Structure formats: structure tokens, C-alpha cells
Amino acid sequence: MKRRLCALLLAVLTLCSCVQTQSQTEKTESNAAAHMVLRYADQFTVDYDADGRALVTIGDDRFLVVPEGVETREETGATTLCLPLRTIYTASSAAMDPFVRLDALDTVRLTGTKREDWSLPEVQRAMDAGTILYAGKYAAPDYELLLAEGTALAVENTMIYHSPETKEQLEELGIPVLVERSSYESHPLGRLEWIKLYGLLTGKTAEAEAFFNEQAALAESIFAQESTGKTAAFFFLTASGGVNVRRPEDYVAKMISLAGGRYVFDDLAADDGSARSTMNMQTEDFYVGAKDADVLIYNATIDGGMETMTELLVKADWLADFRAVQSGNVWCTEADLFQQTSGIAAMIDEFHRIFSGTADETALQYFHKLS
């Protein structure tokens, strides 16, 4: 009898232990599901409650995103955003492309960039059709138009911090302001992962997740390859006669490294904590640092670009001494390089093709070779 009681007690304890373990597992899985999984981005977080409401934290700002048909609730210190959002003002030009990729331009009504300054054809067509209106740049928005259109959200970049009175005015008028901080991401794919936040705001979280996973897989396949050993300089010639280059902590410099190249100015001054992506240098310093670079990449987004080596040498005949010029390995960016933020993985892929010597010049989207 005593043995039977001991065996029964052991069985009960084992069952309780299993139930407890299962409960703990379910609780752990439940907690894991309560957060948006972010693999590279660290400038925002998303926490879900049991009813699907999402608490978004970006720096010191918090937003409670409430799905359609779900009752809102009080959240201390958070701005409530009720879906669907149909009248978004994208003062940040970098924020527009995710809406294009998610087929969610119908949620954007206003922009802070003029039609002629867009290189995204989808946005150009929408402005031609009048479905997206120009509402003034970030520092001087058309408040009357924003109110007349019933703006539900203003998406700004960190430049708005240089015009705090504008942000305050928008909020006083009842227009929530979301300052996107993708430019502060330490990894290029962190910038790309912000598409998940825009997916949340447009009700397309599944599409955003699928897009990011596909693009990350492309980039990660390149990360896994050995370095090409090629050195590269990314620059443009300023109107004042100097040279503008990317800072070593900038995401373009990091893309060059991730693509298997080495950025020739990776030993410039360390990050001073600012969000500046570029710096100017004297031509003499650029000459010393980039003369023997294997590849030169000219940033044409400022001055409209060029097609031939002759055009480059007209701007700066001293570049004729450079190894890349003599070997014909000089490339120029296309106009949509910086506005098409969803193309980061494809840019890394094209960088890699250039460095590895496998680039088909007719098949590249973000670069072309000078003839």
C-alpha cells in the first residue's frame, strides 16, 4: 500500500511539473508574441496587448496604435492613433518609399517634398493625379491645408528638432507628430526594418514582414561571402571646390564594407554623436586618401550626375591621376539612390557586383558606369 501511495504521489508530482512547465512555456511564448521581433532596428520598439493594440516607442515618444474595430484605452504619456489612417503628411522624404513598397500610398494625402524633387514615379503620378498634395516643407508646413484635409499623422525626420516650434504648432492643432529615427540606426538593415513600423501604421504588418525577410535574406547572403579586397571612395565635388565624402559611421560607408569592399576613409574622425552623414575635405586630402582606390563612386544626387569620364574630368582634371579613372572603374549613382529606402539590400548587392567585377552595367538600378 505504501509503495502504491508513493508511486501515486510521484505521478501526481510529475503531472503537476509537466503542467507547470507547459504553462511556463505557453507564458514565455505569449510574452514573445507580445513584442514585434526586430532583428536589426534598435531605434523603435512595438509591444502588443491582448486585444492587438500596439504601443510604439520611438525615443521619448510613445504611440498607442489601435486597430480598426478595437476599443481604445488610456495609455499614460502616449498619443493614440486609430486605424485606418487615411490622411498622413509625410514631411520626411525617406518615409515615403515604404508606403510605395507596401502598396499603401492611399494612406498618404500630403507631402513635404515638391513634385519636381521626387524621383519615385509612383509619387510623381499620385501628385499629378492630385491624390497627394504638396503641403509645404517640414519647417514651414501649410497649416490651413493640413487642417482642411483632416491630417491624422505627420511623419517627420529628425530635422524637425531644428524647428521645434513647428512640431509644437502641429501638436497644438491636434496633429500627432511621429519623428522617424531610421537615420540613427547603426546597421543599414536597421533602416530597412522600419518598413515594419509603416506596415503597422497601414494595416499591412504581414506584407512588411515578408518584404523585410526577403530583402534581409538577399543581403545576408552577401554578408556571408569573403571580402573582395577592393577599396572604394564615395564622393561628390562641391561648388566651393572641395570634396564631400561619407563619414565612416554613415550607412553608405557601412554598405560598402558589408558588400565586401573597404571604404578608403574608414579612419576619419570617430563618431561625435551627431547624425551627420557626410563631411567636406580639401582636395589635397581626398587625393591622398583616394588616389589608389580600386573603385570611385560619384554621388550624383546633388548635382544631377554625369555619363562620361570626360564630364568628370572637366569638373576636376586632377582625378586623371587616380587608379580607378585610369582603369575605367568609376561609377555614378542614380537619382533614386536615397529616396528609395526600401532598396538597401539591392544596393548592397549592386555594390558587391561592382567590387567583385560581376556587374552587368545594363541591369543595375542604382549605379551606372562612366563611359
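Described in the following lines is the structure provided in the data block. Remember, predicted model here, so these are calculated numbers, not experimental data.

## Section: the packing of aromatic side chains
Two descriptors summarise a pair of aromatic rings, namely the distance from one centre to the other and the angle between the planes of the rings.
Then, number 1: Under the counting rule described, the total for this entry stands at 13 aromatic pairs.
Then, number 2: Relative to Y298, the ring of F235 lies with its centre 5.3 Å away and its plane at 85 degrees, an arrangement referred to as edge-to-face. Of this pair, F235 sits in strand β10 (residues 230-237) while Y298 sits in strand β14 (residues 295-298), and the two are 63 residues apart along the sequence. Side by side, F235 and Y298 carry an identical accessibility label, which is buried.
Then, number 3: Cation over ring: R191 sits above Y251, and NZ or CZ is 3.7 Å from the ring centre.

## Things to note about the sheet that holds strand β3 (residues 61-66)
Then, number 1: Strands sit in the order β1-β2-β3-β4 across an open sheet of 4 strands; the sheet is mixed. Only two strands of the sheet have a single neighbouring strand rather than two, namely β1 (45-48) and β4 (79-82). Pairs of neighbouring strands in the sheet enclose a mean axial angle of 25 degrees, with direction left out of account.
Then, number 2: Contacting β1, β2 (54-58), β3 and β4, helix α7 (residues 195-202) runs over the sheet at an angle of about 140 degrees to β2.

## Description of the pattern of salt bridges
Then, number 1: One pass over the full model with this rule turns up 18 salt bridges.
Then, number 2: Linking R53 and D49 is a salt bridge whose minimum nitrogen-to-oxygen distance equals 2.7 Å.
Then, number 3: For R73, the salt bridge goes to D49, with nearest N and O atoms at 3.0 Å. Here R73 is found in the loop between β3 and β4, whereas its partner D49 is found in the loop between β1 and β2, with 24 residues between them in sequence.
Then, number 4: Here R73 falls in the partly exposed class, since its relative accessible area comes to 27%.

## Here we look at the pairing of strand β11 (residues 243-246)
Looking along a regular strand, one sees the side chains alternate between the two faces of the sheet.
Then, number 1: By the alternation rule, side chains of β11 split into V243 and V245 and N244 and R246, which are all buried.
Then, number 2: Where β10 meets β11, 3 bridges bridge the pair, whose relative direction is antiparallel. Its bridge partner being in β11, L237 is matched across the sheet by V243.
Then, number 3: Between β10 and β11, which pair antiparallel and follow one another directly, the connecting turn spans 5 residues, one of which, G241, has a positive phi of 95 degrees.
Then, number 4: Bridging between β11 and strand β13 (residues 278-281) involves 4 bridges; their strand directions are antiparallel.

The rules behind these values
Counting from 1, residues in each chain are numbered in the order their sequence is written. Per-residue local features of the predicted model are confined to residues with pLDDT of at least 70, and side-chain atom pairs are confined, for both listing and counting, to 80 or more; whole-chain, interface and lining totals are unaffected and use all residues. Here the side-chain values reflect all heavy atoms present in the structure, with hydrogen atoms and water set aside. Here is the rule: rings of Phe, Tyr and Trp (six-membered ring for Trp) pair when centre to centre is within 6.5 Å. Planes less than 30 degrees apart are stacked, more than 60 are edge-to-face, and the remainder are tilted. Note on conventions: DSSP H or I runs of at least 4 residues are helices, E runs of at least 2 residues are strands, and numbering of each starts at the N terminus. Burial status follows relative accessibility: with a 1.4 Å probe on protein chains alone, a residue under 20% of its type maximum counts as buried, one over 50% as exposed, and anything between as partly exposed. Charges are assigned to positions over rings by a cutoff of 6 Å between ring centre and Lys NZ or Arg CZ, combined with an angular limit of 35 degrees from the ring normal. Being paired, for any two strands, means DSSP has found at least two bridges between them. To get an axis, a line is fitted to the C-alpha atoms, and for a helix only the part in contact is used. The angle between two axes follows their N-to-C directions and goes from 0 to 180 degrees. Contacts were defined at the residue level, with two residues in contact if any of their heavy atoms lie within 4.5 Å. Here a salt bridge means any side-chain nitrogen of Lys or Arg lying within 4 Å of a carboxyl oxygen belonging to Asp or Glu.

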